Each structure stands twice: as C-alpha cells, then as structure tokens.
Amino acid sequence: MSLGTIYYITQIVAVLLIFPTLVFLAIQNRQSQKQMDRANKIARAEFSGEIMRNNMELLSRIVDDVELARAFRELTVENKRIENPDTLFRLLMWFSNYSNLWLDTMAAHEKDLVDEDVVKIVSAAQGFHLTFPVVWGAQARIMAQREMDAESFEAIMSRMAALRDKVQVRRWSDADKYTQHGKRGSTEAAEEPGVLTLESIYYITQIIAVLLVIGSLLFVGIQIRDNSRALTDQNRWNRVSAILDAQMAHAEHPHVLEAFNKTAPQAWKGFITDLSQAWGVTYEDAHIVAWTQGVYLWTHWGQYRSMKTKADEAELRNIILTWYTAEPMKSVFAHPVSQALYDPDFNAWVGNILKSAPGQNAPAPKEPGA
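Residues numbered from 1 in each chain as written. Predicted model: local features only at pLDDT ≥ 70, side-chain atom pairs only at ≥ 80, totals over all residues. Heavy atoms only, no water.

Novice: I keep staring at the overall build of the protein and nothing clicks. Help me out?
Specialist: Helix and strand counts for the protein come out as 14 helices and zero strands. From first element to last, N terminus to C terminus, the protein shows the α and β order α-α-α-α-α-α-α-α-α-α-α-α-α-α. Classification of the 370 residues of the protein by burial places 31% in the buried group. Contacts in the protein between residues far apart in sequence, at least 24 positions, make up 71% of those at least 6 positions apart. (Helix = DSSP H or I, 4+ residues; strand = E, 2+ residues; numbered from the N terminus. Buried < 20%, exposed > 50% of the residue type's maximum accessible area, 1.4 Å probe, protein only. Contact = heavy atoms within 4.5 Å.)

Novice: I tried to follow the pattern of salt bridges on my own but got confused; where do I start?
Specialist: For the structure shown, the criterion picks out 12 salt bridges. For E50, the salt bridge is made with R53, and the minimal N-O distance between the two is 2.9 Å. Within this pair, E50 and its partner R53 are both found in helix α1 (residues 3-64), separated by three residues, close to a single helical turn. On the accessibility criterion, E50 (38% relative accessible area) is partly exposed. The residue R90 makes a salt bridge to E67 at a minimum N-O spacing of 2.9 Å. Here E67 lies in helix α2 (residues 66-76) and R90 lies in helix α3 (residues 85-110), a separation of 23 residues in the sequence. Overall, the relative accessible area of 33% leaves R90 in the partly exposed class. (Salt bridge = Lys/Arg side-chain N within 4 Å of Asp/Glu carboxyl O.)

Novice: Teacher, can you tell me more about the nonpolar core here?
Specialist: Nonpolar side chains in soluble globular proteins generally cluster together in the buried interior. Membership of the largest hydrophobic core comes to 33 residues, with the highest contact counts inside it found for L75, L91, W94, F95, W102, V135 and M160. Those elements giving two or more residues to this core turn out to be α1, α2, α3, α4 (116-130), α5 (133-145) and α6 (150-166). Broken down by element, the residue count for this core peaks at 10 residues, all from α3. Setting aside residues no more than four positions away along its own chain, L91 makes contact with I62, L68, A71, F72 and L75. In terms of nonpolar packing, the next biggest core, distinct from the first, is built from 31 residues, I272, L297, M329 and I353 among them. (Core = buried A, V, L, I, M, F, W, Y, C linked by side-chain atoms within 4.5 Å.)

Below you can see the structure in the form of structure tokens.
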C-alpha cells in the first residue's frame, strides 16, 4: 500500500468522524429545545391559571352581591330593562372589567402565553355579554374614550362585533387543503462510466467535508449568537428589575421620597417643580407620579432593547402612541431631565413614533424651570 493510498484513506476516515460530531450537536440542540418547550408550557399553564382565577373572581362578585346578581339575572335571563341608574352603572362597570379581562387574554394569546381552551371560555362569555344592546353600547363608548389610534379602535370593535354576532368564533381546518409533496430530487453525484477509483472517492469526500464543516460552523455560530442575545437580555432585565424596585420604593414610601428630595440636585427639583405646575398638583404628588412614570419608561426601554418579534414591536409602538401622547407621561418624557437620563437611541425611536401619529408631533422639551 503506497503512501498516497494511506493518505486518501485517512482523509476518508477524517470525514467520517465529522458525523458523530454533528449527531452530538443535534442531540444537544434537541435537549435544549425540550427544556425551552417545557419552560414555555409551565409559563402558559401559570398564565392560563391566572386568567381563570381572575375570571372566577369576577364571577364571584356577581354571586356575592345580591343587587348585582338580581340585575344580571333580569338583564341576561329575563331580558328586562334595569331601571335603577346606580345599579345599571355598577353592572356596566362589571361588564367593562370583564372586557378588560378578555382584552388581556387575547393579548396573551397572540404571544402564545395562554391555552386555547381558556381563550374560548373567556371569549364565549364576552360574546354572550355583547349580545345585549345596553352592554354593547356601553363598551363601544368606553373603547372610544381610550387613547388609541383609529386603526386599533376599528380592530378591537371588529373583533367584538364578531364575538357579538357568533358568540364564539370556531375555526375549522379542511383536510383537503393539505397536499402530499413529492420527494426532492436526488443530490447524489452522478457516477461516471467505469470503476469508481480511490482518488474519485477522495475528491467526493473532500467536497462533503467542506460542506459539513461550513454547516457545522454556521449552526454553532447561530447558537452562540442566540445564546449571547438571550444572556444579554437577561442581564438587561435584571438591571431593569433592580431599577424598578428602587423607583417604586420612592413612590410607595413617603420617608424615602422625603429623604431623597433633601439630597436631590437642583436640576431634579426643577424637573418636579415643572411637572407640578404643568399638572396643577402639589410638589409631593408630582414627585410620586414622576417616579411611577419612570417605571414605565425603564420597562419600555427594556422591551425596546431586547429580542422581539414584529408583533412585539407593533404592540410596543401602540403603547407609545397611546401612553406618551397623554399626560402624565407626555410631560415626563419630553422634559430635558428625562431626555438626559434615558438612552438617546430609545428617546429618538420614541420621538419618531410620536411624529408619525396622526395630528401629533413629538412633544417639544421644556427648559428647566420654565
């Protein structure tokens, strides 16, 4: 056996050794995916349980309140008109709370955080409530008063109308839509006439080896990138969580707020003074509101900087259009002190969203003490 033959054989063996490596990586990736799926199932179960607990709590309010229970029966069972305006108002507020539960459930469902069965239960109840004209009219007026753009309002009302008309939307899958795709063509190399020599095998294995190495490197690179992003997001949310705890301590504990105010820089005191004058409230109340709005700002910054889907970003944009165009967030975000405290990229991103809002312009920052 010549030295060249030995060389060819060792190259073939080297290529064959790549396969166990790929198998190991595939098994490792599968195990990681199973762990992620298990964690997602636990999160879905916990969130679904929370939705159902809220659902039962709302229903128990009707059961425990004799006046509301009577009004609910008269409206939904006996189809009577509720004559007492106070009782009618309380009942409509209950229906409004249930609508909020339904909206939270649908938002969670869009992110795959709640079971389909829970969505059906809440949607069926919401659809039943909306079949009564007095409830439908009240919900339409409440939705119209909320801060949202016309497109979001139309989408919510269309969804509510569908529930009202059908009570529960059922989607049926048609098995005939599924087609059997043919097998892909073979990628095997065409054999030339004659006997396949050892040299030909060597060249083929070299090509396969290069492709396998490239595929392995791409797979490992993608895995490392995703893991790095996930770790970065986790670290970022740990920082945000610590900041939120500190800010809520200022908002919830007057002695902490008072002690901070004694040592706060003049720019911060001017910031709070500007807000109290803009809102027509006391300095202390403006101070508390400023800290609570900071909680939202840090939370939205964490969402902005983290990995997110297009649906996540669209939801965040809608929050910005709704929350940042109204007080108190409008004045807090626009103030130069806030602009100096938060990420410039985040500030610019929010400003561009506000500029795109119909009839809205990005709020012009005020000078301290103005």
